[in-house]
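Chains, contacts and geometry: an overview
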Amino acid sequence: MMFKLCAVSLLIGLSSLQSAYAHGTGNGSDDGASNSVASEQVLHSGLGTCLDAAGSSPKVGANVSSYQCHGGSNQQWKFEGNLLVNGSGLCLDISKSDNNLGVWTCHGGANQQWALIGGVLRNVGDNKCVDITGSNGASGTNVQAYSCHGQANQQWGFAPASN
């Protein structure tokens with residue numbers, strides 16, 4: 001009887017863990033099929049900075065960089081499906097000409113589709129990752145889409161905004 005109770009508890013625990021990974025909330029790899037950050041939070045990097053759209057009220061085309069965390073709306077992000085939407089309602093977008101990241105009107109194209117997989121923010125369309133250029137931890141460093149390698153300059157995680 002005790003063995004059956006332990007086995008059931010283990011299965012329930014594994015089921016919860018698998019569910020967390022399937023929804024992008026676990027710390028390991030998942031399939032990126034969905035993302036579950038529904039409220040705006042800051043996206044902090046493995047280098048101690050936050051994903052930041054230029055300007056306190058970013059406009060279409062504003063550049064995205066790695067900047068000292070302050071929790072302002074230009075550093076707040078949430079997933080809407082596979083779209084990563086910032087506090088001004090614009091989507092994280094890869095420039096087709098140079099792999100630079102900016103914010104743009106949400107249209108749902110492949111260059112705006114993202115999944116947080118094992119702490120790495122990966123574009124579903126071209127399989128490149130959000131990358132702090134040159135692994136530079138200085139505030140204001142540009143962010144780009146780059147071949148995925150999973151080092152600290154490609155590690156991202158959500159945290160409550162504290163502005």
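Everything numeric in this text was worked out from a predicted model, so none of it was measured.

**Side note on the overall build of the protein chain**
For the protein chain, the helix and strand inventory stands at one helix and twelve strands. The secondary structure elements of the protein chain, listed N-terminal to C-terminal, are α-β-β-β-β-β-β-β-β-β-β-β-β. The buried share of the protein chain, reckoned over its 163 residues, is 40%. Of all intrachain contacts in the protein chain linking residues separated by at least 6 positions in sequence, the fraction that spans at least 24 positions is 53%.

**Some details on the nonpolar core**
Counting residues in each nonpolar core, the largest one holds 22 residues, and the members touching the most others are Leu92 and Leu121. Breaking this core down by element, the ones donating at least two residues are strand 2 (50-53), strand 4 (76-80), strand 6 (91-94), strand 7 (101-104), strand 8 (114-117), strand 10 (128-132), strand 11 (141-147) and strand 12 (156-159). Residues in contact with leucine 121, not counting those within four places in the same chain, are Leu43, Phe79, Leu84, Leu92, Trp114, Ala115, Leu116, Lys128, Cys129, Val130, Gln154 and Trp156.

**Concerning the state of the cysteines**
With the rule as written, the count across this model stands at three disulfides. Linked covalently through their sulfurs, cysteine 91 and cysteine 106 form a disulfide whose S-S length is 2.0 Å. When the S-S torsion is 100°, as for the bridge of cysteine 91 with cysteine 106, the disulfide is right-handed. Of this pair, cysteine 91 sits in strand 6 while cysteine 106 sits in the loop between strand 7 and strand 8, and the two are 15 residues apart along the sequence.

**Re the environment of glutamine 76**
Considering the arrangement of structural elements, one finds glutamine 76 in strand 4. Sequence spacing of glutamine 76 and alanine 161 is 85 residues, and the spatial spacing of their C-alpha atoms is 6.8 Å.

**Here's the deal with the packing of aromatic side chains**
Evaluated as defined, the whole model comprises one aromatic pair. With a centroid separation of 5.9 Å and 65° between ring planes, the pair formed by phenylalanine 79 and phenylalanine 158 is classed as edge-to-face. Remark: phenylalanine 158 occurs in strand 12 and phenylalanine 79 occurs in strand 4; sequence separation between them is 79 residues. A single burial state applies to phenylalanine 79 and to phenylalanine 158, both of which are buried.

**Focus: the environment of leucine 51**
Turning to its location among the elements, leucine 51 is positioned in strand 2. For the pair formed by leucine 51 and tyrosine 67, sequence separation is 16 residues and the distance between their alpha carbons is 6.5 Å. Excluding residues within four positions of it along the chain, leucine 51 makes contact with Leu43, Val64, Ser65, Asn74, Gln75, Trp77, Leu92, Val130, Val143 and Trp156.

**A look at the side chain of asparagine 100**
For asparagine 100, the position within the fold is in the loop between strand 6 and strand 7. A polar atom in the side chain of asparagine 100 sits 2.6 Å from the side chain of asparagine 63. Ignoring anything within four residues of it in the chain, the contact list for asparagine 100 reads Asn63, Asp93, Ile94, Ser95, Asn142 and Val143.

**Considerations on unusual backbone geometry**
In most cases, non-glycine residues show a negative phi, while peptide bonds are predominantly trans. Here asparagine 99, not a glycine, exhibits a phi torsion of approximately 65°, which is positive. Relative to the elements of secondary structure, asparagine 99 occurs in the loop between strand 6 and strand 7. In this structure asparagine 99 comes out as partly exposed when scored by relative accessible area, which is 24%. For asparagine 127, which is not a glycine, the phi torsion comes out positive at approximately 65°. The residue asparagine 127 is located in the loop between strand 9 (120-123) and strand 10 in this model.

Criteria and thresholds
- Residues numbered from 1 in each chain as written.
- Predicted model: local features only at pLDDT ≥ 70, side-chain atom pairs only at ≥ 80, totals over all residues.
- Heavy atoms only, no water.
- Helix = DSSP H or I, 4+ residues; strand = E, 2+ residues; numbered from the N terminus.
- Buried < 20%, exposed > 50% of the residue type's maximum accessible area, 1.4 Å probe, protein only.
- Contact = heavy atoms within 4.5 Å.
- Core = buried A, V, L, I, M, F, W, Y, C linked by side-chain atoms within 4.5 Å.
- Disulfide = S-S within 2.5 Å.
- Phe/Tyr/Trp six-rings, centres within 6.5 Å; stacked < 30°, edge-to-face > 60°.
- Polar contact = N/O pair within 3.5 Å; in protein donor to acceptor, adjacent residues only side chain to side chain.

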